Amino acid sequence: MPTIIDNHGRQINYLRLSVTDNCNLRCQYCMPEEGVQFAHKHELLSWEEMFLMAEAFVDMGINKIRITGGEPFVRKGLMDFLERLSRIQGLDEISITTNATLIGPHISKLKELGITTINVSFDSLDKDRFNHITRRDQYDTVMGNILHMMDEGFNVKLNCVIMDGKNTDDIIPFINFVQEHSITVRFLEEMPFNGQSKGKQNLKWDYIAIIEHIKNHFGQVEKLPAAPSSTSLNYKIKGAKGSFGIIPSYSRTFCGTCNRVRVSAKGEMQTCLYATETIDLKSLLRNYVNISGLKFSIHTALQTRHKDGFEAEEQSVTKKSMTLIGG
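Residues numbered from 1 in each chain as written. Predicted model: local features only at pLDDT ≥ 70, side-chain atom pairs only at ≥ 80, totals over all residues. Heavy atoms only, no water.

A. Seen up close, the overall build of the chain. When helices and strands are tallied, the chain shows 11 helices and 14 strands. Since a compact globule built from 327 residues should have a radius of gyration of about 20 Å, the 19 Å found for the chain is in line with a globular shape. Counting every position in the chain, which comprises 327 residues, the buried fraction comes to 53%. Across the chain, contacts joining residues at least 24 apart in sequence account for 74% of those joining residues at least 6 apart. Summing over all exposed atoms, the chain offers an accessible surface of approximately 14,600 Å²; the carbon and sulfur share of this is 47%. (Helix = DSSP H or I, 4+ residues; strand = E, 2+ residues; numbered from the N terminus. Rg over C-alpha atoms; globule rule 2.2 N^0.38 Å. Buried < 20%, exposed > 50% of the residue type's maximum accessible area, 1.4 Å probe, protein only. Contact = heavy atoms within 4.5 Å. Areas by Shrake-Rupley, 256 points an atom, 1.4 Å probe, with all protein chains shown as cover.)

B. Examining unusual backbone geometry more closely. In this chain, G69 is followed by G70 through a cis amide linkage whose omega measures 15°. Relative to the helices and strands, G70 is located in the loop between β4 (64-68) and α2 (78-85). Of note, A100 is a non-glycine position whose phi angle comes to about 65°, a positive value. Within the secondary structure layout, A100 lies in the loop between β5 (93-98) and α3 (107-113).

C. Spatial organisation of the pairing of strand β10 (residues 233-236). Bridging between strand β9 (residues 222-223) and β10 involves two bridges; their strand directions are antiparallel. In the strand pairing of β10, E222 is matched with K236. Taken together, the three bridges between β10 and strand β11 (residues 243-247) define a ladder with antiparallel strand orientation. Looking at the pairing, L233 lines up with I246 of β11. Counting the residues in the hairpin turn of β10 and β11 gives six residues, including G239, whose phi is positive at 85°. (Pairing = 2+ DSSP bridges.)

D. Fine view of α2. Within α2, the full set of buried residues consists of L78, M79, F81, L82 and L85. Down the axis of α2, the smallest arc covering the buried residues is 160°, so these residues share one side. Each element contacted by the buried residues of α2 is listed here: β3 (14-18), α1 (47-60), β4, β5 and α3. (Arc of directions from axis to C-beta.)

E. Here's a closer look at the nonpolar core. In this structure, I67, F122 and F187 are the most contacted members of the largest nonpolar core, which totals 78 residues. Considering each element in turn, this core owes the most residues, nine residues, to α1. With sequence-adjacent residues up to four places away left out, F122 is seen in contact with F130, Y139, V142, M143, I146, L158, N159, C160 and F174. Counting 20 residues, the second-largest nonpolar core is a separate cluster that includes C30, L188, F254 and A312. (Core = buried A, V, L, I, M, F, W, Y, C linked by side-chain atoms within 4.5 Å.)

F. Structural context of helix α5 (residues 139-151). Given a rise of 1.5 Å per residue, 13 residues ought to cover 18 Å, and the 18 Å separating the end C-alpha atoms of α5 matches this to within 8%. Among all positions in α5, only Y139, V142, M143, N145, I146 and M149 are buried. Angular distribution of buried residues about the axis of α5 spans 160°; they occupy a single face of the element. In this fold, the buried residues of α5 make contact with α3, β6 (117-121), α4 (127-134) and β7 (155-162). (Expected span 1.5 Å × (residues − 1).)

G. Inspection of the pairing of β6 at higher detail. The buried fraction of β6 is high, at four of five residues. Note on the crossover from β5 through α3 to β6: the handedness is right-handed. Bridge analysis of β6 against β7 gives five bridges, and the strand direction is parallel. Directly across from I118, in β7, lies its bridge partner V156. (Right-handed = clockwise from strand over helix to strand, strands pointing away.)

H. Highlighting the packing of aromatic side chains. In the structure shown here, the tally under the stated rule is seven aromatic pairs. Pairing F122 with F174 gives two aromatic rings, centres 6.1 Å apart and planes at 80°, and the pair type is edge-to-face. Of this pair, F122 sits in the loop between β6 and α4 while F174 sits in helix α6 (residues 171-180), placing them 52 residues apart in sequence. Both residues of the pair, F122 and F174, belong to the buried class. Counting every residue linked through ring pairs, the aromatic cluster contains F122, F130, Y139, F174 and F187. Between R84 and the ring centre of F51, over which it is positioned, the NZ or CZ distance is 3.8 Å. (Phe/Tyr/Trp six-rings, centres within 6.5 Å; stacked < 30°, edge-to-face > 60°. Lys NZ or Arg CZ within 6 Å of the ring centre and 35° of its normal.)

Printed below as a string of structure tokens:
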């Protein structure tokens with residue numbers, strides 16, 4: 001099996017592939033209220049181009065692909081693409097990050113394809129708070145689809161971005177929720193990638209504050225083992241059916257073992273979430289259709305990766321909205 005090793009000796013085996021930058025929600029931490037300028041259809045990689053690119057990555061050693069957006073299910077043709085993707089030899093896992101507003105009609109087909117690892121962006125168990133954060137009234141649909149996937153045996157993870165003054169009151173209810181359900185909730189530090197951030201910010205609710213808040217309420221918690229490349233610190237409360245994790249997305253304690261690369265819906269390859277420079281894979285796919293050249297460009301880019309997100313950010317000038325980065 002081929003492997004990709006970057007310039008810091010890290011094995012890269014995980015591709016986060018955004019299939020669209022469009023989204024039907026307007027979450028406060030992801031984009032400004034007025035939205036952003038989404039790409040025109042001709043700017044996006046076609047499904048065929050995405051498939052060729054995915055094949056190239058798998059040939060090089062990628063064995064896990066996460067489909068992200070925007071919201072993946074707003075783009076027509078996604079399920080056909082996933083079915084085709086599921087037949088690539090050497091691709092061990094396909095997972096999806098979604099807001100779960102549109103996934104309902106596709107749950108049975110996803111299960112048939114073996115795509116049952118689903119991360120749901122879900123920032124509050126309180127309906128009013130959820131609608132305020134997302135600027136849309138979709139709580140009942142999302143919760144219904146989460147419960148449906150749980151009933152079907154999916155590996156569901158709820159991703160909750162902790163925002164001071166907005167949803168910190170949800171931390172304890174989420175822990176209570178995973179005590180009663182075989183599900184994982186992960187609390188994410190808020191990142192200043194909402195398209196309106198200015199400079200470095202002090203983060204009140206970092207991963208240390210979150211875990212201390214939970215311990216103060218529940219007492220001691222059990223630390224769970226995690227893979228070296230895991231982005232989350234994982235825990236469980238004794239007797240609970242589910243577990244919880246904390247992702248230090250702003251503190252970046254996981255950068256040293258990063259095993260992932262991102263490609264946007266426009267074919268921009270990003271070797272670090274916190275960097276602004278990208279590699280244009282779309283031109284290689286459209287103008288040359290040369291898989292060897294594509295692989296060479298991917299390999300070359302991965303030999304110039306930043307050591308960590310702090311180094312990357314030092315050399316970055318602007319911040320993109322998260323919906324344009326690909327989650």
